[in-house]
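Reading the structure
Residue-level listing of the chains:
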Amino acid sequence: MISLNDQVASKLPFHVMVKPRGAICNLACDYCYYLKKKEMYPNASLRMDDEILEIFIKDYISSQETKEITFAWQGGEPTLMGLDFYKKAVKFQEKYNKNNQKILNTFQTNAFLITEEWAIFFKSNNFLLGISIDGPQNLHDKFRRDKKGNGTFNEIMEKLKIVMKHQIDYNILTCVNSENVKFPLEVYHFLRDDIKADFIQFIPIVNEINQNAKTNFANVSEHTVLGTAYGNFLIKIFDDWVSNDVGQVFVQIFDSALASWMGYPAGVCVFDKVCGKGMALEFNGDVYSCDHFVTHEHFIGNIKTHSLANMLTSDVQQQFGLAKWNTLTEKCRKCDVLAACYGGCPKNRIVPLKNKTFKQNYLCSGYKKFFTHIKPYMKIMGEELKNQRSASNIVKILKNRNSQKNATKTKLGRNDPCYCGSGKKYKKCHGN
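Structural notes, computed from the coordinates. (Residues numbered from 1 in each chain as written. Predicted model: local features only at pLDDT ≥ 70, side-chain atom pairs only at ≥ 80, totals over all residues. Heavy atoms only, no water.)

1. So, the overall build of the chain
- Counting its secondary structure elements, the chain contains 15 helices and 14 strands.
- C-alpha extents for the chain along the principal axes are approximately 80 × 55 × 45 Å.
- With 432 residues in all, the chain has 50% of them scored as buried.
- For the chain, the computed accessible surface area is about 21,000 Å², with 50% contributed by carbon and sulfur atoms.
- The averaged location of the 43 negative side-chain charges in the chain is 9 Å from the averaged location of its 58 positive side-chain charges. (Helix = DSSP H or I, 4+ residues; strand = E, 2+ residues; numbered from the N terminus. Buried < 20%, exposed > 50% of the residue type's maximum accessible area, 1.4 Å probe, protein only. Areas by Shrake-Rupley, 256 points an atom, 1.4 Å probe, with all protein chains shown as cover. Lys, Arg positive; Asp, Glu negative; His and termini not counted. Charge placed at Lys NZ, Arg CZ, Asp CG, Glu CD.)

Given below as structure tokens:
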């Protein structure tokens, strides 16, 4: 068991996801887990005021000892604060950046309210946009709808044209749900070819409805993606990506897997050994352990009375972060892909195991299948990087290997040993 004395969840650097409009959004996506959080603040304005904004920015900058500081604006829908709010935010960043650190702003949005004016602001201040798109129209509109129940695809595509026109840096966040998981290559090719995305995040939807403690079963929403289906989804896309797009398209889970294979931190809290360094800030200054744990039980303070650094290093938050490792099931600890997964996000550990205290990740079977599948490819890319060559060389390496295999196959008789080295006759193996 990891203890506080080990200080695995170290103080710096850390990250805060800012929700200036709280859980308010102009859409009503069927699978959204955050909209119900507004019930925690009945009769509140759900708008961050200038005082909280300034306190946060001053504290956040002064607490960071890194060369770069990243502000992450999210929601709900952050554009609902209006453009003037972010103009003030940039001014506060300039005011309190005493050490001339590089300030970065990321902005996760459904893009509905983006105009030419917004685009000019984003471009001139080097904002990185994260735009939520779940695939081509028939898949996107399945669950991502407005408050009238209408699909949102066409409007988002129009707004994306504005973003592309102004050459704003953007990436795509795709929620993998029970519908689009069935069409991995359609989703990937749409994002790669039609959207021209060069950075993609795939976020699996796992929404627990209620827990049945008497069985080894978790009750989930109809939008939830099954573990094995998610694994198959990732494998299909990975196989296409590794054969064609390495170095051209960056997929977050593929990059984090390669980092883990190389012995580095995954860089994504979901797959790190411990968590706790990604807190969530609500509109009124309340801080929670994580944006997936905005609950009364995981409230750790308010920035009016507590500094972010002190909240981060509090026993409560440290225990929260260390629990990611300390509550791993025995099944996880014995798993041969543990170093790539570390049990996944604690939010998704909802499957009870018979006569066991800790619960298993709902996506376990998918993660196991995916991380096992990619091992030989990770080895090749890892070797390239260790020898100071580009990981993208794997595309050429695989093409050469396939050419050699195809050439070999044309020379083999049906009763010859198969070229793959299985020991079987060609007719009983790859010639079948």
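Here the narrative resumes, following the displayed structure.
2. Points about the nonpolar core
- Counting residues in each nonpolar core, the largest one holds 118 residues, and the members touching the most others are Phe56, Trp73 and Phe202.
- With eight residues, the top contributor of residues to this core is helix α7 (residues 227-244).
- Non-local contacts of phenylalanine 56, meaning those with residues more than four positions away in its chain, are made with Val16, Val18, Phe71, Trp73, Leu281, Ile303 and Leu308.
- In terms of nonpolar packing, the next biggest core, distinct from the first, is built from seven residues, Trp325, Leu328, Cys332 and Tyr342 among them. (Core = buried A, V, L, I, M, F, W, Y, C linked by side-chain atoms within 4.5 Å. Contact = heavy atoms within 4.5 Å.)

3. Focus: the pairing of strand β4 (residues 127-132)
- In terms of residue burial, β4 counts as a mostly covered element, since five of its six residues are buried.
- Pairing of strand β3 (residues 102-109) with β4, which is carried by five bridges, proceeds in the parallel orientation. Looking across to β4, one finds that phenylalanine 107 is bridged to leucine 129.
- Taking the sense of rotation as the criterion, the β-α-β connection linking β3, helix α3 (residues 116-124) and β4 turns out right-handed.
- Here four bridges tie β4 to strand β5 (residues 170-176), and the two strands are oriented parallel to one another. Bridge pairing in β5 places glycine 130 opposite asparagine 171. (Pairing = 2+ DSSP bridges. Right-handed = clockwise from strand over helix to strand, strands pointing away.)

4. Side note on the sheet that holds strand β12 (residues 299-302)
- Read from one edge to the other, the open sheet built from 10 strands follows the order β9-β6-β5-β4-β3-β2-β1-β10-β11-β12, with strand pairing classed as mixed. Both edges of this open sheet fall to β9 (250-251) and β12, since each of them pairs with a single strand only.
- Pairing of β5 with strand β6 (residues 199-204), which is carried by five bridges, proceeds in the parallel orientation. Across the sheet, the residue bridging to valine 176 is proline 204, located in β6.
- Running at roughly 150° to β6, helix α6 (residues 184-194) makes contact with β5, β6 and β9 of the sheet. (Axes fitted to C-alpha atoms, helices over the stretch in contact; angles between N-to-C directions.)

5. Things to note about the pattern of salt bridges
- On inspection of all chains with the given rule, the structure shows 18 salt bridges.
- In this structure, glutamate 68 engages lysine 102 in a salt bridge whose closest nitrogen and oxygen atoms are separated by 3.9 Å. With a gap of 34 residues between them, glutamate 68 in strand β2 (residues 68-73) and lysine 102 in strand β3 connect regions that are remote in the sequence.
- Look at lysine 102 and you get partly exposed, because its relative accessible area is 48%.
- Measuring nitrogen to oxygen at the nearest pair gives 3.5 Å for the salt bridge that ties lysine 356 to glutamate 330. Of the two residues, lysine 356 sits in the loop between β13 (349-351) and β14 (360-361) while glutamate 330 sits in helix α11 (residues 330-333), which places them 26 residues apart along the sequence.
- The exposure class of lysine 356 is partly exposed, given its relative accessible area of 48%.
- Judged by relative accessible area, glutamate 330 falls into the partly exposed class, the value being 43%.
- One salt-bridge network, held together by shared partners, links Arg192, Asp193, Asp240 and Asp245. (Salt bridge = Lys/Arg side-chain N within 4 Å of Asp/Glu carboxyl O.)

6. A word on the packing of helix α13 (residues 364-373) against helix α14 (residues 375-386)
- Across the interface, α13 lies against α14 with an axial gap of 5 Å and an inter-helix angle of 45°. The angle between the axes of α13 and α14 places the two elements in the oblique class. The residues of α14 that touch α13, namely those facing Phe371, Thr372 and His373, are Lys375, Pro376 and Tyr377.
- Class assignment for the residues of the contact of α13 with α14 results in three nonpolar, two polar and one charged. (Parallel < 35°, antiparallel > 145°, perpendicular 65-115°, else oblique. Nonpolar A, V, L, I, M, F, W, Y, C, P; charged D, E, K, R; others polar.)

7. Quick look at the packing of helix α8 (residues 252-261) against α14
- Their axes nearest at 10 Å, the elements α8 and α14 cross at an angle of 70°. Classified by the interaxial angle, the pair formed by α8 and α14 is roughly perpendicular. When you trace α8 past α14, the crossing you get is right-handed. Contacts from Phe254, Ala257, Leu258 and Trp261 in α8 reach Lys375, Met378, Lys379, Met381, Gly382 and Leu385 in α14.
- Here the contact of α8 with α14 is composed, by residue class, of seven nonpolar, one polar and two charged. (Left-handed = near helix turned anticlockwise from the far one by under 90°.)

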